[in-house]
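Chain residues, written in single-letter form:
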Amino acid sequence: MKNTFLRLLLGLGLLAALANVRADQPAGPLTLWYAAPATNWTSALPLGNGRLGAMVFGGVEQEKLQLNEDTLWAGGPYAPNNTNTLALLPEARRLVFAGKYAEAQKLIGDQMMSRPLRQMAYETVGDLRLAFPTSGEVLDYRRELDLDTAVARISYTSGGVKFTREVFASPVDQVIVVHLTASQRGQLSFTTGWKTPQKGKVTVAAPGELVLRGVNGEMQGIPGALKFQARVRVVAEGGTITSNRDSLSVANADSATLLVAVATSYKNFNDVSGDPEAVVKKQLAAAGKKRFPKLLAAHVAEHQRLFRRVTLNLGETDAMRLPTDERINKFSNGQDPQLAVLYFQFGRYLLISSSRPGSQPANLQGLWNDSMNPPWGSKYTININTEMNYWPAEPGNLSECVEPLFAMIQDLAKTGARTAKVMYGARGWVAHHNTDLWRATGPIDGAQYGFWPTGGAWLCQQLWEHYLFTGDESFLARAYPLMRGASEFFLDTLVEEPTHQWLVTCPSLSPENAHPGGASICAGPTMDLEILRDLFANTINASEILRTDAALRKQIAATRARLAPLQIGHAGQLQEWLEDWDLQAKDIHHRHVSHLYGLFPSDQIDFRATPELAAAAKKSLEIRGDQATGWATAWRINLWARLHDGDHAFSILEFLLSPQRTYPDMFDAHPPFQIDGNFGGASGITEMLLQSQAGEIELLPALPKAWPTGSVKGLRARGNFNVDIDWKDGKLVSAWVTSLSGNPCRLRYGSTVHAEKIAKGKTLSWSGDK
Ligand code: FUC
């Protein structure tokens, strides 16, 4: 870059960077900021309103907004159930119980998987590009994302004129808004146009409006069945707007506002008859009636309604004045506790931006994807990743952001009922390790990853958690049929293993780990039994609360009692499989720690209630090691927090928040980018400060030495409590617990316990004494 200031800045490092923090541009504590434009996608800044996403690059001469709409996926409605599977199930089971695992895996892989073998991918819309005239020397360049307002800002001075860009994705007006200003009249000129890898055509619609019409891609032989439309309207103050063949040029304006609307013809997984043109026209007509300040104010108010519910303070240092990418490079120096706050709040920001009522749930990349063929299709991997996305939601006071996941489970209960019937001859519904926009539920990719029938059952855990956190009985009435259907599938498909006559899943696998039998396929992996113990308990509890299905309840309870138990192996570890295989597995450091589901997110293994199992889980964690892919690292933080070892959890957080696992824009690096690590990391930070499983609200259960003094406000605990905590010198100062349902409350700080029924709406303050 021909920019002497920037070169000096890079050369002088810290000092120059500090000097760049100008008095008129303070870096708010919840701001990500950079001294240069993004050079690649994982440096660009994410915006989203749940449905519409943008990655903002902030180039001086070329602005690029890479856009997503969350229903733009490949393919169309399809039903990939394999009609041969059912007849082959007995033979697959026979092979597994005869110890012929590799043969079972081969049979399954060759003949029992979904057709097609892969699911559909999430696709980019393309880019909105803005080309600005060549600039002279650029001074005071700054690019930032303010998490508190959900606005990205770019500013710089060129030729004595200060230029600014503000960009946001409004959940209120359902458009992306780009506002451009210049400090002197008539100085703003640019040309804008679409660029897309999709099959699309660009036309000028009305004066100042540019339309991209397209159809989605074919995949795996499933033809693209979606139409989509992206439409930008340019409004300029002063100057002129000229329509070119496939672009619009603004010349000598004072300021300009671009409104961007995108929609597809997706209505639901079975219906693609929507009219995207009608939708975007309506959205632009409505948003176009409002001036920029009004659009901005409505956007900020709606964002802050959710975002501002939680505040976290872990102490502030001078390191906060550095650009965010430099802070990530230096986090392990231990001088920047506030970066953990930024990471936590970035997680909450990403959830608000990628999952709002009415949108699709957050996928492997949340909402943000610049490719037609992203890693793992940017789908919903439900053997950990999608569940992890929602771990921070309830404790992080973003309960309504889980709604898209609930809607997806409702869809899966329909498509998965077909899979249950056709492929297993069973009642209820089943989903395997992945799903997509079309809610495919069969086993995919390969037997060793895909033939795992417990994905839907795990998702159901989120239904029960929502009830535990909110106490919402009408929600439970909606959730119960989904839980019952998931349970029924297993009532019909669990089988007796020959040695102990325990009930187990078969064939199944412990996500995606190969055991020493030369395969992943096995019977009764520990994780399945843990998930089923939860699913069955939740279904029983819900049926009691709702006073329904007494006979079924009994049957579920009898089945639950016969599930294979948790076992401790010869190394003192929690066994991952029915057999004591852990130390002979091919990869004893495997990223998945599936059998530790019982410790987190579940509470079947508890630090106090089941100390032997907790010690075994700890042993398993030690064998696995601390460093893994992004999400797997994040899971380990949560697990160590549940083991009440805050310093160990923190040391893993240091790795997660290093350049090895965090990109410059703070996106999680699997690598490649995958958003689950962001959400799992935010959850891990919460678990260090507050836990509420096992019938207690525990304050500061895993506070690391690195955070001696701080406060958190607005976290939520099971039982529908709001919790604020202050601590100093590593000790609790005071907690304020507000009961939102009037439930009994049992508080714990270390070995001190206090039980009190706080009346609904009342707050108890407690300093940790009896
Ligand atoms: C699971 C994990 C991988 C990756 C993929 C999307 O298969 O094992 O690490 O996260 O999902």
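Scroll up a little and you will see the structure.
Since this is a predicted model, take the numbers as computed values, not measurements. (Residues numbered from 1 in each chain as written. Predicted model: local features only at pLDDT ≥ 70, side-chain atom pairs only at ≥ 80, totals over all residues. Heavy atoms only, no water.)

Asks: So what exactly am I meant to see when it comes to the pattern of salt bridges here?
Replies: A side chain of one charge can pair with a side chain of the opposite charge when the charged atoms of the two come close. Summed over all chains, the structure comprises 40 salt bridges. A salt bridge links Glu 400 to Arg 305; the nearest nitrogen and oxygen atoms lie 3.9 Å apart. Separated by 95 residues along the polypeptide, Glu 400 in the loop between α9 (385-389) and α10 (403-424) and Arg 305 in helix α6 (residues 292-307) bring together distant segments of the chain. Among the residues examined, Glu 400 registers a relative accessible area of 26% and is labelled partly exposed. Residues joined in a network through salt bridges with shared partners are Glu 209, Arg 213, Arg 231, Arg 233, Glu 277 and Lys 281. (Salt bridge = Lys/Arg side-chain N within 4 Å of Asp/Glu carboxyl O. Helix = DSSP H or I, 4+ residues; strand = E, 2+ residues; numbered from the N terminus. Buried < 20%, exposed > 50% of the residue type's maximum accessible area, 1.4 Å probe, protein only.)

Asks: Explain the site of the ligand to me, please; I cannot follow it from the model alone.
Replies: Neighbouring the ligand are Leu 364, Trp 376, Thr 381, Asn 385, Glu 512, Arg 591, His 592, Trp 631, His 670 and Gln 674. Within the contact set of the ligand, an oxygen atom lies 2.7 Å away from a side-chain nitrogen or oxygen of His 670. With respect to the ligand, the side chain of Gln 674 contributes an N or O atom lying 2.9 Å from an oxygen atom. With the chains in place, 97% of the 280 Å² that the ligand exposes on its own is no longer accessible. Counted by class, the shell around the ligand contains three nonpolar, five polar and two charged residues. (Near = heavy atom within 4 Å. Polar contact = N/O pair within 3.5 Å; in protein donor to acceptor, adjacent residues only side chain to side chain. Areas by Shrake-Rupley, 256 points an atom, 1.4 Å probe, with all protein chains shown as cover. Nonpolar A, V, L, I, M, F, W, Y, C, P; charged D, E, K, R; others polar.)

Asks: Help me understand the sheet that holds strand β11 (residues 199-204), please; the structure alone is not making it clear to me.
Replies: Strands belonging to one sheet form pairs held by backbone hydrogen bonds; the direction of such a pair is parallel or antiparallel. Strand order in the open sheet made by the nine strands is β1-β6-β7-β8-β9-β16-β13-β12-β11, with antiparallel pairing throughout. Whereas interior strands pair on both sides, the edge strands pair on one side only; in this sheet they are β1 (31-34) and β11. Across the sheet, the mean angle separating the axes of adjacent strands is 15° when strand polarity is ignored. Examined bridge by bridge, strand β12 (residues 209-215) and strand β13 (residues 227-237) share seven bridges and lie antiparallel to one another. Bridge pairing links Gly 214 to Phe 228 in β13. In the packing of α6 onto the sheet, contacts are made with β7 (151-158), β8 (161-169), β9 (176-182) and β16 (255-264), and the angle to β8 comes to roughly 50°. (Pairing = 2+ DSSP bridges. Axes fitted to C-alpha atoms, helices over the stretch in contact; angles between N-to-C directions. Contact = heavy atoms within 4.5 Å.)

Asks: Sorry if this is basic, but what is going on with the nonpolar core here?
Replies: If you look at the biggest cluster of nonpolar residues, it comprises 232 residues, and the most contacted ones within it are Phe 190, Trp 635, Phe 667, Ile 697 and Trp 707. The element best represented in this core is helix α8 (residues 338-354), accounting for 11 residues. Among all residues touching Phe 667, those that are not within four sequence positions of it are Trp 41, Pro 46, Met 55, Phe 346, Leu 350, Trp 368, Arg 661, Thr 662, Phe 673, Ile 675 and Asn 678. If you look at the next biggest cluster of nonpolar residues, it comprises 14 residues, including Ala 261, Leu 284, Ala 287 and Leu 295. (Core = buried A, V, L, I, M, F, W, Y, C linked by side-chain atoms within 4.5 Å.)

Asks: Any chance you could explain the packing of aromatic side chains here in plain terms?
Replies: Any aromatic ring pair is given by two values, namely how distant the centres are and how the planes are angled relative to each other. By the definition in use, this model includes 27 aromatic pairs. Ring geometry for Trp 458 versus Trp 635: centroids 6.4 Å apart, planes at 40°, classification tilted. Here Trp 458 is found in helix α12 (residues 455-470), whereas its partner Trp 635 is found in helix α17 (residues 630-642), with 177 residues between them in sequence. Connected via pairs of aromatic rings, a cluster forms that spans Trp 41, Phe 346, Tyr 349, Trp 368, Phe 667 and Phe 673. Stacked on the ring of Trp 33, the Lys or Arg Arg 142 has its end atom at 4.5 Å from the ring centre. (Phe/Tyr/Trp six-rings, centres within 6.5 Å; stacked < 30°, edge-to-face > 60°. Lys NZ or Arg CZ within 6 Å of the ring centre and 35° of its normal.)

Asks: What's the story with the packing of α17 against helix α19 (residues 676-689) in this structure? I'm lost.
Replies: Angle between the axes and distance between the axes: these two values describe a pair of packed helices. Running from N to C, α17 and α19 point in directions that differ by 10°, and their axes come no closer than 8 Å. Relative to α19, α17 is oriented roughly parallel. On α19, the residues that touch Gly 630, Trp 631, Ala 634, Ile 637, Asn 638, Ala 641 and Arg 642 of α17 are Asp 676, Gly 677, Gly 680, Gly 681, Ser 683, Gly 684, Glu 687 and Met 688. Looking at side-chain class alone, the contact of α17 with α19 contains five nonpolar, seven polar and three charged residues. (Parallel < 35°, antiparallel > 145°, perpendicular 65-115°, else oblique.)

By themselves, these observations are geometric and do not establish any function.
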